[in-house]
Amino acid sequence: MKPLTLILRQRPEQRLDLSPLVPHLISGRSVAEIERIELQTTRWRVSVGDVFRLRMGDPERIRIEGSCDRLDRIGHAMTGGEVFVDGDVGTQAGRLMSGGSLTIGGNTGPWAASGMKGGLLEIRGATGAFLAAPLAGEMAGMRGGLVIVRGRAGDRAGDRMRRGAIVIEGEAGAYAGSRMIAGSLLVAKKAGPLPGYLMKRGSIVLGSGCEAISPTFVDCGSHELLAMRLWAGFVHPYSKKAAMQLRRPLQRLAGDMAVLGKGEIFIGSPN
C-alpha cells in the first residue's frame, strides 16, 4: 500500500507545528478528518488542508513532500511507523521519539532528536546546533535510540546525552558531547574545539581529531579494543564510513577530570 502523502502547497508565511502528524495520532482517520487537524502557529489558525494537498494511503507510512525550514516538530513523540520528509525541516525534528523511523531528506534546524528515547532518526543533510540536547530547564538530552547524520552537525551535538548512539558522517561543531552523562557519539571527520567538555561518562570517537582538546583529559595511549569492533558491527548497516573509523587503532583520552572523569574520547589520525 502507498504511503499517506502530504504535499506542501507553498512555503508558509509563519512557522507551523507538525507534531500532530505522526502515525499513531492519525491512524483510522478519514481524509476530511486529517485535513481539519489544526497546526499550532505563531499568528493565526491553520489546518492541515490549508497547507497541504493530501493523498490518502497507509497512515503507518507518512511522506511529506516539498518540505521547508518553517515546519517544526516533525515526528514529535513518534511511537512507531515511518515518516519520510522530502526536503528541509525546522526545529526539534524527532523530539521525544520512542519508536519508529523518521528520515529527513534535507537539513534540520536545532534540537533535532532532543529527548529521544528510541527509534531511528536519519538526517541526510546537515543539522543545526544542540543535536539530541535538552531544552532549557531539562536535565538530560537523548535517552535512547539511534541518530544518523550524513552531513555536518552544529555546535554541542550530544549535549547532556544520557543513552543511545549518535553517528555523524561529516564534521561536528564546538563542544561535541559536552556534559555527556552516558551514551555513544561518533564523528567520522573532524570536530571543533573542546569535545567532551565536562562529560561525566560515555564514549566519543573522533575519526579525524579535533581543533583543540581540554587539558583536563588524560592520554591513555593507543588501543585496538574489542568493544570498538563490536560497535563497528552495530554501526556498519547504517554507516560504512563510521564503521571504518572503529576498526583501526585509536588514541584514548580519559576525562573530563574536571568532573566525574569516567568518560572517554577516542581519536583517530587525520585523513
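For the structure, check the block above.
Residues numbered from 1 in each chain as written. Predicted model: local features only at pLDDT ≥ 70, side-chain atom pairs only at ≥ 80, totals over all residues. Heavy atoms only, no water.

Draft legend 1. Layout of the pattern of salt bridges. Going through the model one piece at a time under the given rule, you end up with 14 salt bridges. For R73, the salt bridge is made with D17, and the minimal N-O distance between the two is 3.2 Å. Residue R73 is found in the loop between β7 (71-72) and β8 (82-87), and its partner D17 is found in strand β2 (residues 16-17); the two are separated by 56 residues along the sequence. A relative accessible area of 13% places D17 in the buried class. Residues R252 and E264 are paired through a salt bridge, measuring 2.8 Å at the closest nitrogen-oxygen approach. On the criterion of sequence distance, the pair formed by R252 in strand β16 (residues 250-255) and E264 in strand β17 (residues 263-267) is long-range, its members being 12 residues apart. Taking relative accessible area as the criterion, R252 reaches 22% and is therefore assigned partly exposed. Take E264: its relative accessible area is 18%, and that puts it in the buried class. Look at the salt bridges and you will find they share partners, linking E122, R124, R150 and E169 into a network. (Salt bridge = Lys/Arg side-chain N within 4 Å of Asp/Glu carboxyl O. Helix = DSSP H or I, 4+ residues; strand = E, 2+ residues; numbered from the N terminus. Buried < 20%, exposed > 50% of the residue type's maximum accessible area, 1.4 Å probe, protein only.)

Draft legend 2. Spotlight on the state of the cysteines. Within the structure shown, the criterion is met by zero disulfides. As a non-bridged cysteine, C220 has C210 as the owner of its nearest cysteine sulfur, 15 Å distant. Residue C220 is classed as partly exposed on the basis of its relative accessible area of 31%. (Disulfide = S-S within 2.5 Å.)

Draft legend 3. Structural view of the layout of surface pockets. Taken as a whole, the largest pocket encloses approximately 190 Å³ of empty space. Along the walls of the largest pocket sit R9, Q10, R11, P12, E13, Q14, L16, W44, V46, D50 and V51, which together make up its complete lining. Looking at the lining of the largest pocket residue by residue, the class counts come to five nonpolar, two polar and four charged. (1 Å grid on protein atoms, 1.4 Å probe; cavity = no way out; pocket = protein on both sides within 12 Å on 5 of 7 lines; lining within 4 Å. Points joined across faces, edges and corners; volume = space filled by probe spheres on them. Nonpolar A, V, L, I, M, F, W, Y, C, P; charged D, E, K, R; others polar.)

Draft legend 4. Representation of the pairing of strand β5 (residues 52-55) in the model. The alternating pattern of β5 places F52 and L54 on a buried face and R53 and R55 on a face that is not buried. Relative to β5, strand β1 (residues 3-8) is paired through four bridges, and the arrangement is antiparallel. Pairing of T5 across the sheet is with R55, part of β5. (Pairing = 2+ DSSP bridges.)

Such coordinate-based values are descriptive only and should not be taken to indicate function.
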